[in-house]
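Here is what each chain is made of, one letter per residue.
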Amino acid sequence: MIAVAAKPATFSFDPARTALVIIDMQRDFLEPGGFGAALGNDVSLLQAIVPTVESLLVLAREEGMLVIHTRESHLPDLSDCAASKRTAGAAGLRIGDPGPMGRILVRGEPGNQIIPSLAPIADEWVVDKPGKGMFYATGLGDRLVAQGVEYLIFAGVTTEVCVQTSMREANDRGYRCLLIEDATESYFPAFKQATLDMIVAQGGIVGHTATLAALHDALTYDALNEGKR
Ligand code: C5J
């Protein structure tokens, strides 16, 4: 077992039964002209975490962990988009509307793709999700059970929306969850901080949080030799 210095307490996990989940690092949320920008958000806040998420992804790949990438996306006919979601926001800036990177949050459109530097490679899972949470209407739950996954390490955007919803869904299903603090971001810094605080409140009511440095140190520390692996 690997022990990470985390909040509210040490997070112990077995890398062989762990998946890294990178939530929605899509052009629609991170690049000018996407859904996030169309809603008036400053996407540079999200772009700032890309190097950290890249390092986390490299670390997970080196450890041989299962890597799961999610995309918030809808079918072109929007049959998987609830009316409440379809009609939210200003006309012309809604899910399915044409945008500078194709139809907003529609599967297959350029803006719906994961940013190139975090692109999935062979054997990594890509989960298209029509909701905020990664379990809703995706079939992911059955796949994780079949794979024997017990621990989930989270990164991605946005902290208080799709990351938090997915982590809460996972927590309810019995997964032990760790959110990497500097590998997640929100368009609203106060919302990010509030989310980190509420996850670890009351003894870790939703899970744990830690920095990438803490995870890296834990994974590279060799307890037997009291040094680096
Ligand atoms: C939204 C997300 N809609 N990935 N999605 O904010 O958090």
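One numbering rule holds for all chains: residues counted from 1, following each sequence as written. Per-residue local features are limited, in this predicted model, to residues with pLDDT of at least 70; the limit for side-chain atom pairs, both in listing and counting, is 80 or more; totals at the level of whole chains, interfaces and linings are taken over all residues. Only hydrogens and water are set aside; all other atoms, that is, all heavy atoms of the structure, feed into the side-chain values.

Enquirer: What is the right way to read the site of the ligand from this model?
Expert: All residues in the neighbourhood of the ligand are listed as Asp24, Phe29, Glu72, Val157, Thr158, Val161 and Cys162. Within the backbone of cysteine 162, one N or O atom sits 3.1 Å away from an oxygen atom of the ligand. Protein contacts shield 88% of the accessible area of the ligand, which totals 230 Å² for the unbound molecule. In the shell around the ligand, the residues fall into four nonpolar, one polar and two charged. If a single non-hydrogen atom of a residue is within 4 Å of a molecule or strand, that residue counts as near it. Between N or O atoms, a polar contact is any pair within 3.5 Å; within protein, one atom must be a potential hydrogen donor and the other a potential acceptor, and residues adjacent in sequence are included only when both atoms are from side chains. Here the open area of atoms and residues is found with the Shrake-Rupley method and a 1.4 Å probe, where only the protein chains shown may cover a residue. Charged means Asp, Glu, Lys or Arg here, nonpolar means Ala, Val, Leu, Ile, Met, Phe, Trp, Tyr, Cys or Pro, and polar covers whatever is left, Gly included.

Enquirer: Explanation requested: the nonpolar core in the structure shown.
Expert: Here is a general trend for soluble globular proteins: nonpolar side chains tend to be buried in one another's company. Membership of the largest hydrophobic core comes to 45 residues, with the highest contact counts inside it found for Val4, Phe13, Met25 and Leu215. At the level of elements, strand S1 (2-4), strand S2 (11-13), strand S3 (18-23), helix H1 (27-30), helix H4 (50-63), strand S8 (151-157), strand S9 (176-185) and helix H9 (212-220) are the ones that each hand at least two residues to this core. If one sorts the elements of this core by residue count, H4 sits on top with six residues. Contacts of phenylalanine 13, omitting those with residues within four sequence positions, involve Met1, Ile2, Val4, Thr18, Met65, Tyr151, Ile153, Leu215 and Leu219. The nonpolar core is taken to be a set of buried Ala, Val, Leu, Ile, Met, Phe, Trp, Tyr and Cys residues, with the residues joined through side-chain atoms within 4.5 Å. Exposure categories follow from relative accessible area, calculated using a 1.4 Å probe and restricted to protein chains: below 20% of the type maximum is buried, above 50% is exposed, and the middle band is partly exposed. Segments assigned H or I by DSSP are reported as helices when at least four residues long, segments assigned E as strands when at least two residues long, and all are numbered from the N terminus. In this description, contact between two residues means that some pair of their heavy atoms is separated by no more than 4.5 Å.

Enquirer: I keep staring at unusual backbone geometry and nothing clicks. Help me out?
Expert: With the exception of glycine, the majority of residues adopt a negative phi angle, and the majority of peptide bonds are in the trans configuration. Cis geometry marks the peptide bond from lysine 7 to proline 8; its omega dihedral reads 0 degrees. Along the chain, proline 8 falls in the loop between S1 and S2. With an omega of -15 degrees, the peptide bond running from valine 157 to threonine 158 counts as cis. A positive phi angle, near 60 degrees, is found at leucine 78, a position not held by glycine. Note on placement: leucine 78 falls in the loop between strand S4 (66-72) and helix H5 (83-86). A relative accessible area of 13% places leucine 78 in the buried class. Of note in this structure, leucine 105 is not a glycine but carries a positive phi near 55 degrees. Position of leucine 105 among the secondary structure elements: in the loop between strand S6 (102-103) and strand S7 (125-129). Its relative accessible area of 0% is what places leucine 105 among the buried residues.

Worth remembering: the numbers are spatial, not functional.
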